[in-house]
Amino acid sequence: LLPPNGSTKVVFSITPPADASPGTHYGGVLFSVTGSPDAIDGSRVTRKIGAIVLASYGTAKQQGSLSQFVVSQKIYQDSVIRFDSQFSNTGNVHLQPKGKIEIRNMFGQLVGLRYINPAAANVLPESARSFVSEYRQSWMLGRYTAKATVFYGNPKLETRSEVVFWVIPVKLIVLSILLAIFILTIIYIGIRRYNRWIINRNK
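Residue indices follow the written sequence of each chain, beginning from 1 at its first position. Reporting in this predicted model follows two pLDDT cut-offs: at least 70 for local features of residues, and 80 or more for side-chain atom pairs to be given and counted; totals over whole chains, interfaces and linings ignore these cut-offs and use all residues. Note that water and hydrogens are dropped before the side-chain values are worked out from all heavy atoms of the structure.

Engineer: Could you give an account of the overall build of the protein chain, with specific residues and numbers?
Structural biologist: Helix and strand definitions follow DSSP, with helices as H or I runs of at least four residues and strands as E runs of at least two, each counted in order from the N terminus. Check the secondary structure of the protein chain and you find 1 helix and 12 strands. The helix and strand sequence of the protein chain, counted from the amino end, reads β-β-β-β-β-β-β-β-β-β-β-β-α. Here the C-alpha coordinates of the protein chain stretch approximately 115 × 50 × 30 Å along the principal axes. Sequence separation of at least 24 residues holds for 63% of the intrachain contacts in the protein chain that already meet a minimum separation of 6. Charged residues are defined narrowly, with Lys and Arg counted positive, Asp and Glu counted negative, and His plus the chain ends left uncounted. By convention, the charge on Lys lies at NZ, on Arg at CZ, on Asp at CG and on Glu at CD. The averaged location of the 10 negative side-chain charges in the protein chain is 18 Å from the averaged location of its 23 positive side-chain charges. What makes two residues a contact is simply this: any of their non-hydrogen atoms within 4.5 Å.

So this is what it looks like as structure tokens:
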């Protein structure tokens, strides 16, 4: 028996079957409370707690790739850029891909940096997992290139992908043109009035 607020150590072993496939396997160790189960509305409830067991068997095959790295739009009117990346695990063991996104302007200058899967979430064998990264900047204009580099496995392997997008703030450009036209018009009218005043004064 385990007294209240007590603890104990449990030692167990795993014997894989002869036909077990190599790679990552998942299981669980469950503990139940002794005694008769509780009855609730005619149903019986048995309380159990457990722990997930992760085990690797045989030869590990660490293999994966960035199966998708895209932006939500090819042309943006504002400076809020969303990157959608997907990592595909084509191996037989779980992987924890982590990476970064480098954003460069048309001159090749690094203007932004974002991260992919910073919490190091697992991607199970023969499955894919999507990640979203968002980049915000007060002012962007022109052509930009985003390069994603993702590391995974031990020793580290890497996969890369690249995407190009444009930022053209149409509303801001139109407002700037209208403001420039207004200022030039005011200057033009002012110069004409000044010249007319000079002519009238000389008369």
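Engineer: Describe in detail the sheet that holds strand S6 (residues 75-76), supporting the description with residues and values.
Structural biologist: Read from one edge of the open sheet, 5 strands run S6-S12-S11-S8-S9, paired in mixed fashion. Where the open sheet ends on each side, the last strands, each with one partner, are S6 and strand S9 (110-116). We treat two strands as partners when DSSP finds at least two bridges between them. Both S6 and strand S12 (residues 157-167) contribute to a ladder of 2 bridges, which runs parallel. In the strand pairing of S12, Ile75 is matched with Trp166.

Engineer: So what's going on with the pattern of salt bridges? Which residues, and what values?
Structural biologist: Take a side-chain nitrogen of Lys or Arg and a carboxyl oxygen of Asp or Glu: if they are within 4 Å of each other, that pair is a salt bridge. This model, assessed by the stated rule, comprises 5 salt bridges. Here Arg104 ties to Glu102 by a salt bridge, and the two come within 3.7 Å at their closest N and O atoms. Only protein chains enter the accessibility calculation, which uses a 1.4 Å probe; a residue is then buried when its area is under 20% of its type maximum, exposed when over 50%, and partly exposed in between. Exposure remark for Arg104: the relative accessible area of 32% places this residue in the partly exposed category. Here Glu134 and Arg136 are joined by a salt bridge, their closest N and O atoms 3.0 Å apart. For Glu134, a relative accessible area of 39% gives the class partly exposed. Taken together, the shared-partner salt bridges in this structure form one network comprising Lys100, Glu102 and Arg104.

Engineer: Describe the packing of aromatic side chains, and please don't skip the residues or the numbers.
Structural biologist: Pairing of aromatic rings covers Phe, Tyr and Trp, the last through its six-membered ring, and needs centres within 6.5 Å; plane angles under 30 degrees mean stacked, over 60 mean edge-to-face, and all others mean tilted. Counting across every chain of the model gives 6 aromatic pairs. Their ring planes at 10° and their centres at 5.9 Å tell us that Phe69 and Phe83 sit as a pair that is stacked. Taken together, the residues Phe69 in strand S5 (residues 64-71) and Phe83 in strand S7 (residues 80-89) connect sequence positions 14 residues apart. Each of the two residues, Phe69 as well as Phe83, counts as buried.

Engineer: Residue-level account of the side chain of Ser79, with values.
Structural biologist: Tracing the chain through its elements places Ser79 in the loop between S6 and S7. A relative accessible area of 11% means that Ser79 is categorised as buried. In terms of polar contacts, Ser79 uses its side chain to reach the backbone amide nitrogen of Met140, at 3.3 Å. Not counting residues up to four positions away in its chain, the partners in contact with Ser79 are Tyr135, Arg136, Gln137, Ser138, Trp139, Met140 and Val167. Polar contacts, as counted here, are pairs of nitrogen or oxygen atoms within 3.5 Å of one another; within protein the pair requires one atom able to donate a hydrogen and one able to accept it, and residues that are adjacent in sequence qualify only if both atoms are side-chain atoms.

Engineer: Go over the sheet that holds S7, please, and point to the residues and values.
Structural biologist: What the 3 strands build is an open sheet, ordered S5-S7-S10; its pairing is antiparallel. The open sheet terminates on both sides in strands that have one partner only, identified here as S5 and strand S10 (127-136). Averaged over all pairs of adjacent strands, the angle between strand axes in this sheet comes to 20°, irrespective of strand direction. A fitted line through C-alpha atoms represents every axis, and for helices the fit uses only the stretch in contact; the resulting angles, taken between N-to-C directions, go from 0 to 180 degrees.

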